Amino acid sequence: MRRPEILGSIVLAAFLIMAVAPGTFAPQDPYTRFTPYTPPGSDHLLGTNDMGHDILSELIYGSRVSLFVGFASALLATMVGGIVGIVAGYCRGGIEDLLMGFTDIILMLPWIPVIIILAVFLGPGIWIFILIFGAFAWTSIARIIRSKVLQIRESGFVQSARCLGFPTWYIMAEEIGPNLFHIAFPQCMLLVASAMITEASVSFIGLGDPSMKSWGVMLSFAFTKGALINGMWWWYLPPGIAISICVMAFALIGYSREKWVNFEVRE
Amino acid sequence: MNRILEVCKLSVSFISGNEVVQAVNNVSFDISQGDIFALVGETGCGKSVIAHAVAGLLPDNTVISGEVNYKGQDLLELSQQDLIALRGQEIGIILQNPSRALNPLYTIGHQIREPVLVHTMKTKDRASRMVTATLRKMGFFDPESEAHRYPFESSGGMNQRFVIATSTILSPDLLIADEPTTGLDHSCIADVIKEFERIKKEEHCAMILITHDLTLARTLADRIGVMYSGEIVEMGECKAVFSDTLHPYTRGLIGGLPENGCTPIPGISPPMSRRFPGCRFHPRCTERMPICGQVHPRLEVNGDRFVRCHLCHSH
């Protein structure tokens, strides 16, 4: 492991622990009301918002939603991209042309506006966000996986799997699939980062699920309730910083893994 | 003896662009149970293509004609589905380059067990026991620990024996070995030869051995077919072919062996896409006659074997 990757993993681990057991770290319940607009102090380390909710507790509970949305959408996108890439790369011929053509069409769609429009029509909600993100973000993974599969399908063990009479789906799932993990993993990490940013932006413009307090939703409330105009920095800075650090952690892991893969390929 | 495989007038050509490459031309042979038939020849003479054609592994842009009768059914007519069911279970195939034939991510045991799980309804436990039994039969003293190793932890020769185990665990009736010793050093080759001898003795399967290693063919094969430029030029009992060689090309090959002074055959084999009148071998032949450049010789019976040469036909 390289240094950026270690750093990213430590930061990510910290966030993950927070997300798994927010109750043990948060000083307050995020829905208990205290005096609104309290600046940071000994009672509330990061102050309170307009409803009197403790910001630090909100932040810690919010990590759960934000990370879940990030992971779930990235996993969905990776799965879709992986399946499309493997099928296109292994089957070749007409199926490949069809799938890759479809990929190119999806790739051309400006998907943040599309997500915004769909979120307006389908209503806010993290599940809808995950579905939409999964349906649009898989294209780059599909292309990367396909090019790797084109290489693996000619390798000895795939040939010998065909010689041993394994069914096609079995070869794709059992022989080729696991050999793609080191390629898909960095891409998946980068997708998590991208999904979290997208979720934050979609929430920020008011299309997030207000009942699920993610960091993006916190930012959105801070903005609409006038935290910026009134100089209440303790309200809008923490979620912004949390998003940035978290995305950076994923990006560090993703990029350093990707570099490692490319290095291995060049070797 | 029980006839397992009968290849009849098999021709294979590949179409690439405007060119038609005739890789295999009118090849016929048959193999009985417990027989090892060796196909030898230089690189690019089409011997691997025959193996792939019999196994149904050729790409879609190939034109195949002739018949490949396996126990009475024509393999060329079978659907891909039926072929998949045959491969690995009744027809075992061993490809060259053993170290790459194993998936780097799985243990040896897992990979030897895979065909059992895919082709039969056996449980994982029973399949694992089969793996242990097979490895023990192959002479591994500690099959359990071998099975837990990964391919990169074993040498090429060991890996080739594991590949053989994978292909033979379901006791196929026909085994196709395509260059099984390529890239192995001498002691490993000896191990692999021992393995094939054991399979021949114990499993009684018919085997096609494709190799350019004449010594290997001589050690293992019962019958031998010498191929040149997509055609069989001499075919007969292995011992007879080696002791009393008829075709000039076979003589050239045997003369190229180290113990015979490594005398190479002059020239190179012609490209498969180029057809010319006369014998395919005549430009390189040291004993050519005027007729060799004009008439393509037929494969004719000459005593105990088949030969494709005007020299022998005129006798």
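As shown above, the structure is provided for reference.
Residues numbered from 1 in each chain as written. Chains lettered and ligands numbered in written order. Predicted model: local features only at pLDDT ≥ 70, side-chain atom pairs only at ≥ 80, totals over all residues. Heavy atoms only, no water.

Caption draft 1: Main features of the overall build of chain B. When helices and strands are counted, chain B shows 12 helices and 12 strands. In terms of C-alpha radius of gyration, chain B reaches 20 Å, essentially the compact-globule figure of 20 Å for 315 residues. Seen along its three principal axes, the alpha-carbon backbone of chain B occupies a region of about 70 × 45 × 40 Å. Counting across all 315 residues of chain B, residues that qualify as buried make up 53%. Sequence-distant contacts, at least 24 apart, represent 63% of the contacts inside chain B between residues at least 6 apart. (Helix = DSSP H or I, 4+ residues; strand = E, 2+ residues; numbered from the N terminus. Rg over C-alpha atoms; globule rule 2.2 N^0.38 Å. Buried < 20%, exposed > 50% of the residue type's maximum accessible area, 1.4 Å probe, protein only. Contact = heavy atoms within 4.5 Å.)

Caption draft 2: Representation of the nonpolar core. Core analysis: the biggest nonpolar cluster contains 74 residues, and Ile176, Met196, Trp215 and Phe250 of chain A have the highest contact counts within it. The leading source of residues in this core is helix α3 (residues 55-91) of chain A, at 14 residues. For phenylalanine 250 of chain A, the contacting residues outside a window of four places in its chain are Leu12, Leu67, Phe71, Met189, Val192, Ala193 and Met196 of chain A. Of all hydrophobic cores here, the second largest spans 53 residues; its members include Ile189, Ile199, Leu220 and Val233 of chain B. (Core = buried A, V, L, I, M, F, W, Y, C linked by side-chain atoms within 4.5 Å.)

Caption draft 3: Up close: the packing of helix α4 (residues 108-119) of chain B against helix α5 (residues 124-137) of chain B. Residues and elements named next belong to chain B. Close contact between α4 and α5 brings their axes to 9 Å; oriented N to C, the two are set at 120°. Relative to α5, the element α4 is oriented oblique. As for how α4 packs across α5, the hand of that crossing is right-handed. Every residue of α5 that contacts α4 at Gly109, Ile112, Arg113, Val116 and Leu117 is listed here: Lys124, Ala127, Ser128, Met130, Val131 and Leu135. (Axes fitted to C-alpha atoms, helices over the stretch in contact; angles between N-to-C directions. Parallel < 35°, antiparallel > 145°, perpendicular 65-115°, else oblique. Left-handed = near helix turned anticlockwise from the far one by under 90°.)

Caption draft 4: Spatial organisation of the side chain of threonine 166 of chain B. Mapped onto the elements of the fold, threonine 166 of chain B is located in helix α7 (residues 156-168). You can call threonine 166 of chain B buried: its relative accessible area is 5%. A polar side-chain atom of threonine 166 of chain B sits 2.7 Å from the main-chain carbonyl oxygen of phenylalanine 162 of chain B. Ignoring anything within four residues of it in the chain, the contact list for threonine 166 of chain B reads Leu164 of chain A together with Gln111, Ile112 and Pro115 of chain B. (Polar contact = N/O pair within 3.5 Å; in protein donor to acceptor, adjacent residues only side chain to side chain.)

Caption draft 5: Looking closely at the interface of chain B and chain A. Listed as interface residues are 20 residues of chain B and, on the opposing side, 15 residues of chain A. When chain B packs against chain A, the two sides together hide about 1,600 Å² of surface, and 58% of this comes from carbon and sulfur. In terms of surface lost to chain A, no three residues of chain B exceed Asn103, Glu114 and Val118 of chain B, which account for 25% of the buried area on that side. One can count zero salt bridges joining chain B with chain A. On inspection of chain B and its partner chain A, the count reaches seven residue pairs in polar contact (both at pLDDT 80 or more). When residues of the side of chain B that touches chain A are assigned to their parent elements, the largest contribution, four residues, is made by α4 of chain B. Looking at side-chain class alone, the side of chain B that touches chain A contains 12 nonpolar, five polar and three charged residues. (Buried area = accessible area lost by both parts, 1.4 Å probe. Salt bridge = Lys/Arg side-chain N within 4 Å of Asp/Glu carboxyl O. Nonpolar A, V, L, I, M, F, W, Y, C, P; charged D, E, K, R; others polar.)

Caption draft 6: Seen up close, the pattern of salt bridges. Residue and element names in this part refer to chain B. According to the stated counting rule, one finds 25 salt bridges over all chains in the structure shown. With its nearest N and O atoms 3.5 Å apart, the salt bridge here joins glutamate 90 to lysine 71. With glutamate 90 in the loop between α2 (80-86) and β6 (91-94) and lysine 71 in the loop between β4 (62-70) and β5 (73-74), the pair connects residues that are 19 residues apart, well separated along the chain. With a relative accessible area of 43%, lysine 71 lands in the partly exposed category. One network of salt bridges, with partners in common, ties together Arg161, Glu195, Arg198 and Glu202.

Caption draft 7: Region of the structure containing helix α5 (residues 111-122) of chain A. Helix length check: α5 of chain A, at 12 residues, gives a terminal C-alpha distance of 15 Å against a target of 16 Å (1.5 Å per residue), a fit within 8%. Where α5 of chain A is buried, its residues contact α6 (126-136) and α10 (181-207) of chain A. (Expected span 1.5 Å × (residues − 1).)

Caption draft 8: Layout of the sheet that holds strand β1 (residues 3-16) of chain B. Residues and elements named next belong to chain B. Spatial strand order, β2-β1-β4-β5: four strands in an open sheet with antiparallel pairing. Strand pairing shows two members of the sheet lacking a second neighbour, β2 (19-32) and β5, which therefore form its edges. Here two bridges tie β4 to β5, and the two strands are oriented antiparallel to one another. Each residue of the ladder has a partner; that of tyrosine 70, found in β5, is glutamine 73. Sheet strands in contact with helix α1 (residues 47-55) are β1, β2 and β4, and its direction is about 110° off that of β1. (Pairing = 2+ DSSP bridges.)

Caption draft 9: Up close: the packing of helix α4 (residues 93-108) of chain A against helix α7 (residues 139-152) of chain A. Residues and elements named next belong to chain A. Two numbers describe how α4 lies on α7: the axes approach to 9 Å, and their chain directions differ by 150°. When the interaxial angle is binned, α4 and α7 end up roughly antiparallel. In the crossing of α4 with α7, the sense of the turn from one axis to the other is left-handed. Packed against α4, whose contacting residues are Glu96, Met100, Thr103, Asp104, Ile106 and Leu107, the element α7 presents Thr139, Ala142, Arg143, Arg146 and Leu150 at the interface. Across the contact of α4 with α7, the residue classes tally to five nonpolar, two polar and four charged.

Caption draft 10: Here's a closer look at a nonpolar patch on the surface. Together, Phe204, Ile205, Phe223, Leu228 and Ile229 of chain A give the surface a local cluster of nonpolar side chains, amounting to about 520 Å² of exposed area. Within the secondary structure layout, phenylalanine 223 of chain A lies in helix α11 (residues 215-224). (Patch = residues over 30% accessible without salt bridge, like charges linked within 9 Å, V, L, I, M, F, W, Y side chains within 5 Å. Areas by Shrake-Rupley, 256 points an atom, 1.4 Å probe, with all protein chains shown as cover.)

Caption draft 11: Examining the packing of aromatic side chains more closely. The tally for this structure, following the rule as stated, stands at 16 aromatic pairs over all chains. Note on tyrosine 150 of chain B and phenylalanine 152 of chain B: the rings are 6.4 Å apart at their centroids and 25° apart in plane angle, and the pair reads as stacked. Taking relative accessible area as the criterion, tyrosine 150 of chain B reaches 32% and is therefore assigned partly exposed. Pairwise contacts between aromatic rings join Phe166, Trp169 and Tyr170 of chain A into one cluster. Over the aromatic face of tyrosine 90 of chain A sits the side chain of arginine 153 of chain A, whose NZ or CZ is 5.4 Å from the ring centroid. (Phe/Tyr/Trp six-rings, centres within 6.5 Å; stacked < 30°, edge-to-face > 60°. Lys NZ or Arg CZ within 6 Å of the ring centre and 35° of its normal.)

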